[in-house]
Amino acid sequence: MRLGIAVDSRMCMACYCCFIACKDEHCGYDTALSKSQPMMGQKWIDVREWERGDNSRHIKTATVATLCAHCADPACAKAAKNGAVYKRPDGIVIIDPEKSKGQKAIADACPIQAVFWNEELEIPQKCTMCAELLDDPDYLTYLGDPKLKIPRCVEACPNKALYFGDLDDPDSEISKIVASQRQTQLEPLAGQETNVKYLNVPTVFLTGTVYQPAELEEVLIGAKVTVEVAGQTFETETNYFGDWEIEWLPKNADATVTITADGYKPATYKVKTDIDHYVASTYLAR
Ligand code: SF4
Ligand code: SF4
Ligand code: SF4
């Protein structure tokens, strides 16, 4: 068994219900696996939001809830002394609240800043994947099924952006959603195996607008747009506003954008996919 959480960025609407549920569960009392989370200053699950795009006509926002990734080979465990960080047989990574006292290096080692240093208690703290609840035979979620134990944040999410379950079971709901969606990873954890899976976290988009010759100032509907980047080809057409957009491009690569339409000379641009980018307002010439 390998317990995990999947976070689907596409479905996250930054409502913070997961954050509140985590606070509700972990603030105010200690458990065998963690000391009380301070009300302020710690975000065991952190809703990150950012704006995308470099042109006011073509901007978007993106959101993703992030938490300890419960890494297969955790950097925090390597930094710990006396076995203060350990991985349970179910894959959950736990910081021992007693053994970790004074070990700020554990907090400093996490590449995604998922560990918080409690100045007052002098301990590092983070998400436990609600293991203390999963271990509790009397824990009953609002779902009412005693066999279905899920972390509080997953239970609280109103928009099905969070999934929990056994990643080793190909028939589990989490395995199916992970298999069916675009798997992404937080950049500092690139290449690492983790039990928290990020799905559909945006990479880079390119966009633009295509017009007929400048003297007409009319948008061109149905122009073909091709982006060739990192050995892959992406295609789309301009919509009723003359706009085009291609998402999910490989990051930090050299891309060639070609715009064609019957009866017009093609236009070509060289761009780098380092940021979400409005390539151009293109006036095709006849
Ligand atoms: S995400 Fe950070 S805190 Fe969590 S297991 Fe990995 S290194 Fe440790
Ligand atoms: S799994 Fe539990 S401890 Fe971890 S972020 Fe969610 S509610 Fe908090
Ligand atoms: S509860 Fe769900 S939708 Fe709301 S912020 Fe958290 S992950 Fe996103």
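Residues numbered from 1 in each chain as written. Chains lettered and ligands numbered in written order. Predicted model: local features only at pLDDT ≥ 70, side-chain atom pairs only at ≥ 80, totals over all residues.

**Here's the deal with the site of ligand 3**
Stage number 1. As a matter of local geometry, ligand 3 sits amid 14 residues, with C12, C15, C17, C18 and C157 nearest to it.
Stage number 2. The class makeup of the residues in the shell around ligand 3 is 13 nonpolar, one polar and no charged. (Near = placed C-beta within 6 Å. Nonpolar A, V, L, I, M, F, W, Y, C, P; charged D, E, K, R; others polar.)

**A short note on the domain arrangement of the chain**
Stage number 1. Once the domains are mapped, the chain shows domain 1 (8-162) and domain 2 (204-283).
Stage number 2. Domain 1 and domain 2 are separated by 40 Å when their C-alpha centres are compared.
Stage number 3. With five residues of domain 1 at the interface, the matching set in domain 2 holds five residues. (Domains from an automatic or database assignment. Contact = placed C-beta atoms within 7 Å.)

**Description of the pairing of strand β12 (residues 224-229)**
Stage number 1. The alternating pattern of β12 places V225, V227 and V229 on a buried face and K224, T226 and E228 on a face that is not buried.
Stage number 2. Pairing of β12 with strand β13 (residues 232-237), which is carried by six bridges, proceeds in the antiparallel orientation. Directly across from V229, in β13, lies its bridge partner Q232.
Stage number 3. Taken together, β12 and the strand that follows it, β13, pair antiparallel across an intervening segment of two residues, in which A230 is found at a positive phi of about 50°.
Stage number 4. As paired elements, β12 and strand β15 (residues 254-260) share six bridges and run antiparallel to each other. Each bridged residue has a counterpart across the sheet, and for V229 the counterpart in β15 is A255. (Buried ≥ 20, exposed ≤ 12 C-beta atoms within 10 Å, placed from the backbone. Helix = DSSP H or I, 4+ residues; strand = E, 2+ residues; numbered from the N terminus. Pairing = 2+ DSSP bridges.)

**Overview of unusual backbone geometry**
Working note: non-glycine residues mostly have negative phi, and peptide bonds are mostly trans.
Stage number 1. Non-glycine residue Y16 carries a positive phi angle of around 70°.
Stage number 2. Here Y16 lies in the loop between β1 (3-8) and α1 (17-26).
Stage number 3. The partly exposed category is assigned to Y16, around which 14 C-beta atoms lie within 10 Å.
Stage number 4. Phi angles above zero are rare outside glycine, and Q113 is one such case at about 55°.
Stage number 5. Structurally, the position occupied by Q113 is in the loop between α3 (104-109) and β6 (116-118).

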